[in-house]
Amino acid sequence: MVSAAPVHQPRAAGSPADAARPLRIAIIAALRHGLREPHAGGLERQTADLAHGLRAAGNGVTVFASADADPDLGVEPIVPRETLLDLSPAAREDVSMLAEGFMVEHDAYLDLMLRLRDADFDVVHDNSLHYIPPATADLLPMPLVKVLHTPPTPWIEAALRRRPENLHVVSVSRDNAKRWPILPRAVIHNAIDLDRFEPTGPPVPRSAVWVGRVCPEKGPHHAVRAARRAGFSLDVIGPSSDPAYAEEVLRPELDDHRRWVGHLDSADVAARIARASVALVTPCWPEPFGLVVMEALACGTPVAGYRHGALPELVDEDVAVLVDPDDEDGLAEAVLQASTLDRGRCRAHAVAHGSVERMTGDYLALYRELVA
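The structure presented is a predicted model; accordingly, all values stated were derived computationally and were not measured.

Colleague: What is the right way to look at the overall build of the chain in this model?
Modeller: Per the secondary structure count, the chain includes 15 helices and 13 strands. In terms of C-alpha radius of gyration, the chain reaches 20 Å, essentially the compact-globule figure of 21 Å for 372 residues. Reported as C-alpha extents along the three principal axes, the dimensions of the chain are approximately 60 × 50 × 40 Å. Contacts in the chain between residues far apart in sequence, at least 24 positions, make up 70% of those at least 6 positions apart. When the accessible surface of the chain is split by element, carbon and sulfur atoms take 52% of a total near 15200 Å².

Take a look at the structure:
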């Protein structure tokens, strides 16, 4: 394995005129879920926020995604509906559904890459989880920026081995970069719209919140147990992507004070986070990023979590208390400690490190390097 690339430090563009010229940017989205509220996960929200941020900075942006999208995103559909390829394990056992979804994505991305050969874009930003865009990057006359949003997968690793000159790889965290057998050109952290996540006043005493997909790798059952041991109430927020886990593992842990409130839109999520004394983040896998961390801090809510994946590089001791993975007793103590941290510092940390404007600026600087 190679060492991780540093967080991106852009070189100056070729000339002042280069730096000022608006760019024409194509964003290739993942097709498994539509880009609409309530977003299915962090990837969908980050794609939407990046498109809005690039457009707000004066650039021309076209998002290639499923038709299940917010009309304000300016999506050019390449499939009529989301493919839902990350359904529950039971759904994935339906071979016909899996095969159909696989072929829909394969054909859609291949057709798009063939069309982009003659398109008038300065740069193509690949936010998909598919191997076709990087595998066929050398079809394009413009640079393709492939963003690694997941730990290594064999099909994308294979696609990256060829590395044509116009293919440039970015990771969303240093931790994720270290796990890939290829050195990314840059690390650019994800970010959030800080106007959607803001402090709203004093929190409810001894209250906690957990946000994410309800599945084993996110570990909400750890959050429930830790909150109970600490004597905190807890709202678990998010959709289930593993019904068997949700019914057999999570639900038996719930009670009148530790509840699963379901899948909410960003306004409701932000309101519940802002009212909480602490946000629990319990990755049981090498989480590549974790937007919920910045969402919590932006609301002024400190974090108690597991020291796993990218989480340690996103926070410091002023805004979070981290313990070893699977240490539920330690996590309960972290809940108590984190709830005493200064909420103003939490918001300041998110403003300094987690804004869409910062993320957009980092990507624009990289695009201009490549175009120049």
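Colleague: What am I meant to see in unusual backbone geometry here?
Modeller: For residues besides glycine, phi is generally negative; the peptide bonds are generally trans as well. The residue after E37, namely P38, is reached through a cis peptide bond having omega -15°. With respect to the helices and strands, the residue P38 is situated in the loop between strand 1 (24–28) and helix 2 (42–56). Non-glycine residue D326 carries a positive phi angle of around 75°. By the element assignment, D326 lies in the loop between strand 13 (320–323) and helix 13 (328–338).

Colleague: What's the story with the nonpolar core in this structure? I'm lost.
Modeller: Grouped burial of nonpolar side chains is what soluble globular proteins tend to show. Counting 60 residues, the largest nonpolar core has V293, V315 and Y367 as its most contacted members. For this core, the element with the highest residue contribution is helix 11 (residues 291–298), accounting for 7 residues. With residues up to four places along the chain from it excluded, the contact list for V293 reads V281, V303, L311, L314 and V315. One finds V214, L234, L250 and L254 within the second-largest nonpolar core, a separate group that totals 28 residues.

Colleague: Please clarify how helix 15 (residues 356–371) should be interpreted in this entry.
Modeller: An α-helical turn contains 3.6 residues, so any two residues separated by three or four positions project in the same direction. In a regular helix each residue adds 1.5 Å, so 16 residues correspond to 22 Å; helix 15 covers 22 Å between its end C-alpha atoms and thus fits that length. Buried residues dominate helix 15, accounting for 12 of its 16 residues.

Colleague: Would you mind showing me how to read helix 11 here?
Modeller: Extensive coverage of helix 11 is indicated by the burial of 8 of its 8 residues. Taken as a whole, helix 11 has its buried residues at L291, V292, V293, M294, E295, A296, L297 and A298.

Colleague: Any chance you could explain the side chain of T150 here in plain terms?
Modeller: Position of T150 relative to the elements: it lies in the loop between strand 5 (144–148) and helix 6 (154–160). T150 gets classed as buried once you look at its relative accessible area, which sits at 19%. Setting aside residues up to four positions removed in sequence, T150 forms contacts with L129, N176, W180 and P288.

Colleague: Help me out: how do you make sense of the environment of Y306 in this one?
Modeller: As for its placement among the helices and strands, Y306 is situated in strand 12 (residues 303–306). Sequence separation of Y306 and D326 is 20 residues, and the distance between their C-alpha atoms is 7.5 Å. Polar contacts involving the side chain of Y306 include one to the side chain of H222, which spans 3.1 Å.

Colleague: Just to check I follow, could you spell out the pattern of salt bridges for this structure?
Modeller: Charged atoms that come close allow side chains of opposite charge to pair. Per the counting criterion, the structure on display carries 30 salt bridges. Between E295 and R45 there is a salt bridge, and its shortest N-O distance comes to 3.6 Å. Highlighted residues: E295 in helix 11 and R45 in helix 2, separated in sequence by 250 residues. Relative accessible area serves as the criterion here: at 6%, E295 is assigned to the buried category. Each of R225, R228, R229, E253, D255, R258, E328 and D329 takes part in one network of salt bridges that share partners.

Colleague: Where do I start with the sheet that holds strand 11 (residues 278–281) in this structure?
Modeller: Strand order across the open sheet formed by 6 strands is 10-9-8-11-12-13, with parallel pairing between neighbours. Both edges of this open sheet fall to strand 10 (258–262) and strand 13, since each of them pairs with a single strand only. Each adjacent strand pair in this sheet contributes to an overall mean axis angle of 20°, direction not counted. Bridge count for strand 8 (residues 207–211) against strand 9 (residues 233–237) is 5 bridges, and the pairing is parallel.

Colleague: Is there a simple way to think about the confidence of the model for the chain in this case?
Modeller: Detailed reading of the predicted coordinates is not advisable wherever pLDDT is low. Confidence in the prediction for the chain averages 90 pLDDT; 90% of positions are at 70 or higher. In this model residues 1–17 is a low-confidence stretch, pLDDT under 50, and it forms 40 contacts with partners more than four residues away in sequence or in other chains.

Colleague: Could you clarify how one ought to interpret the state of the cysteines in this entry?
Modeller: Simply put, disulfide is the name for a covalent bond between the sulfur atoms of two cysteines. For the structure on display, the rule yields 0 disulfides. Free cysteine C284: the closest other cysteine sulfur is in C215, separated by 9.0 Å.

Colleague: Could you clarify how one ought to interpret the packing of aromatic side chains in this entry?
Modeller: How two aromatic rings sit relative to each other is set out by the distance from centre to centre and by the angle between their planes. Under the counting rule described, the total for this entry stands at 2 aromatic pairs. When the ring of F64 is compared with that of F121, the centres are 6.1 Å apart and the planes differ by 80°; the resulting orientation is edge-to-face. Residue F64 is found in strand 2 (residues 60–66), and its partner F121 is found in the loop between helix 4 (95–116) and strand 4 (123–126); the two are separated by 57 residues along the sequence. For F121, a relative accessible area of 16% gives the class buried.

How each quantity is defined
Within every chain, residues take consecutive numbers counted from 1 along the sequence as written. In keeping with the model being predicted, local features are shown solely for residues with a pLDDT of at least 70 and side-chain atom pairs are shown and tallied solely at 80 or more, while totals for entire chains, interfaces and linings include all residues. Side-chain numbers here rest on the full set of heavy atoms in the structure, without hydrogens or water. Secondary structure elements follow DSSP: runs of H or I no shorter than four residues count as helices, runs of E no shorter than two count as strands, and numbering proceeds from the N terminus. This radius of gyration counts C-alpha atoms alone. The globule rule is 2.2 Å times how many residues there are, raised to the power 0.38. In what follows, residue pairs with any heavy atoms lying within 4.5 Å of each other are defined as contacts. A 1.4 Å probe and the Shrake-Rupley method give the accessible areas. Residues count as covered only by the protein chains that appear here. In this description, a nonpolar core means a group of buried Ala, Val, Leu, Ile, Met, Phe, Trp, Tyr and Cys residues linked to one another through side-chain atoms lying within 4.5 Å. Here the term buried applies to any residue with accessible area under 20% of the maximum for its type, exposed to any over 50%, and partly exposed to those in between, with areas from a 1.4 Å probe on protein chains only. To estimate how far a helix should extend, the number of its residues minus one is multiplied by 1.5 Å. Counted as a polar contact is a pair of N or O atoms within 3.5 Å, where, for protein atoms, one must be capable of donating a hydrogen and the other of accepting one, and residues adjacent in sequence contribute only when both atoms are in side chains. By convention in these notes, a salt bridge is any Lys or Arg side-chain nitrogen within 4 Å of a carboxyl oxygen on Asp or Glu. Between any two strands, pairing holds if DSSP finds at least two bridges. Axis definition: a line fit to C-alpha positions, over the contact stretch in the case of helices; interaxial angles, taken between N-to-C directions, run 0 to 180 degrees. Values of pLDDT, ranging from 0 to 100, describe the predictor's confidence in every residue of the model. Pairs of cysteine sulfur atoms within 2.5 Å are identified as disulfides in what follows. Two aromatic rings from Phe, Tyr or Trp, using only the six-membered ring of Trp, form a pair when their centres are within 6.5 Å; if the ring planes differ by under 30 degrees the pair is stacked, by over 60 it is edge-to-face, and anything between is tilted.

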